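Residue-level structural notes
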Amino acid sequence: MAIITAEHLTLGYDSQAIIKDLHFSVNAGDYLCIVGANGSGKSTLMKTLLSLQPPMSGTIRFGDGLKQNEIGYLPQQTVVQRDFPASVREIVLSGCQARCGLRPFYNKEEKALAEQNMERMSITHLADRCYRELSGGQQQRVLLARALCATRKVLLLDEPVSGLDPKVTAEMYQLIKDLNKEGITIIMISHDIDAALNYSSHILHIGEHIFFGTRDQYLHSKTRRMFLEEEKGGEA
């Protein structure tokens, strides 16, 4: 059953459309990678899914009981965010804010959830460390634990391995794959086509050429061939 369905979706800024008439759906347990050239609208689509930006036209529907505040989000980090002066535990706990409602404090269940997700990400030993003192890979684990506090269903990840070295990148991809195996639906923006084909179940390619389908369908698609040719032409 589809938990997210987009129909006739047009996205953009200031009356300037970036993506037109986009259709796709995400079922529970899917691992969807959103790929395409820089500036094609990948982050704009992510913001629209999070209701941070309205679509110019078209609809996004949530099904299977999914609520807007039940989506975990791991954004691309800015330099300012990397230097945030808070403890790991405080940052992970902040993922429970939507659960608090009007309460000005976290209850025992929320604190236990934060501890559980720190353990899942193997960062319990860092709980009292200042976030800005951590390595890039450790910071991403903290933010992933925070996102998990907001959801048991869907994670939206915006280039989660950006700036990480190859070893840490592989570890992060494995963590995400394991979460997907546990039943969490993954929607991830990726600039790495090879990684997308390696880990995902479905591909959404946006830009001048649009494709939505399974990983195997994309592997043999005209859209992928044309994109690879364009990339090679840009390198020449």
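Fair warning: this is a prediction, and the values are worked out from it, not measured in the lab.

Cut-offs applied
Residues numbered from 1 in each chain as written. Predicted model: local features only at pLDDT ≥ 70, side-chain atom pairs only at ≥ 80, totals over all residues. Heavy atoms only, no water. Phe/Tyr/Trp six-rings, centres within 6.5 Å; stacked < 30°, edge-to-face > 60°. Buried < 20%, exposed > 50% of the residue type's maximum accessible area, 1.4 Å probe, protein only. Salt bridge = Lys/Arg side-chain N within 4 Å of Asp/Glu carboxyl O. Helix = DSSP H or I, 4+ residues; strand = E, 2+ residues; numbered from the N terminus. Pairing = 2+ DSSP bridges. Axes fitted to C-alpha atoms, helices over the stretch in contact; angles between N-to-C directions. Contact = heavy atoms within 4.5 Å. Parallel < 35°, antiparallel > 145°, perpendicular 65-115°, else oblique. Left-handed = near helix turned anticlockwise from the far one by under 90°. Nonpolar A, V, L, I, M, F, W, Y, C, P; charged D, E, K, R; others polar. 1 Å grid on protein atoms, 1.4 Å probe; cavity = no way out; pocket = protein on both sides within 12 Å on 5 of 7 lines; lining within 4 Å. Points joined across faces, edges and corners; volume = space filled by probe spheres on them.

**A few points about the packing of aromatic side chains**
Here the structure, examined in full by the defined rule, presents three aromatic pairs. Seen from their ring centres, Phe-211 and Tyr-218 are 5.3 Å apart, and the 55° between their planes marks the pair as tilted. Taken individually, Phe-211 and Tyr-218 each receive the classification buried, so the pair is uniform in this respect.

**Re the pattern of salt bridges**
Scanning the model with the defined rule gives seven salt bridges in all. Between Arg-61 and Glu-7 there is a salt bridge, with its nearest N and O atoms 3.0 Å apart. Here Arg-61 is found in strand 4 (residues 57-62), whereas its partner Glu-7 is found in strand 1 (residues 2-13), with 54 residues between them in sequence. A relative accessible area of 30% places Glu-7 in the partly exposed class. Linking Glu-171 and Arg-141 is a salt bridge whose minimum nitrogen-to-oxygen distance equals 3.8 Å. Placement of Glu-171 in helix 7 (residues 166-181) and of Arg-141 in helix 6 (residues 136-149) is noted, with a sequence separation of 30 residues between them. Relative accessible area serves as the criterion here: at 29%, Glu-171 is assigned to the partly exposed category. Arg-141 gets classed as buried once you look at its relative accessible area, which sits at 17%. Ionic contacts of the salt-bridge type, sharing partners, join the residues Arg-89, Glu-115 and Asp-128 into one network.

**What to know about the sheet that holds strand 5 (residues 71-74)**
Two orientations exist for strands paired in a sheet by backbone hydrogen bonds: parallel and antiparallel. Here six strands make up an open sheet; going across it, the order is 5-6-7-3-8-9 and the pairing mixed. Two strands bound the open sheet, and with one partner strand each, they are strand 5 and strand 9 (211-214). Along the sheet, successive strands turn relative to each other by an average axial angle of 15°, direction set aside. In this sheet, strand 8 (residues 202-205) lies alongside strand 3 (residues 31-35) in parallel orientation, the contact comprising four bridges. Looking at the pairing, Ile-34 lines up with Leu-204 of strand 8. Sitting on the sheet, helix 1 (residues 42-49) touches strand 3, strand 5, strand 6 (154-158), strand 7 (185-189) and strand 8, and the angle it makes with strand 6 is about 150°. In this fold helix 6 packs onto strand 5 and strand 6, with an angle of close to 165° to the strand it touches most, strand 5.

**Focus on the packing of helix 5 (residues 108-120) against helix 6**
The geometry of helix 5 relative to helix 6 is characterised by a closest axis approach of 9 Å and an angle of 140° between their N-to-C directions. Here helix 5 lies oblique to helix 6, going by the angle between them. Here helix 5 and helix 6 pass one another in a crossing that is right-handed. The segment helix 5 lies against helix 6, with Leu-113, Ala-114, Asn-117, Met-118 and Arg-120 engaging Ala-145, Leu-148 and Cys-149. Considering only residue class, the contact of helix 5 with helix 6 consists of six nonpolar, one polar and one charged.

**Quick word on the layout of surface pockets**
Its volume calculated, the second largest pocket comes out at about 240 Å³. As for the second largest pocket, its lining consists of 14 residues, and the residues nearest its centre are Ile-71, Gly-72, Tyr-73, Arg-146 and Ala-150. Counting only elements with at least two residues in the lining of the second largest pocket, the list comes to strand 5, helix 4 (97-100) and helix 6. Here the lining of the second largest pocket gets three residues from one element, more than from any other, and that element is strand 5. Looking at the lining of the second largest pocket residue by residue, the classes come out as seven nonpolar, six polar and one charged.

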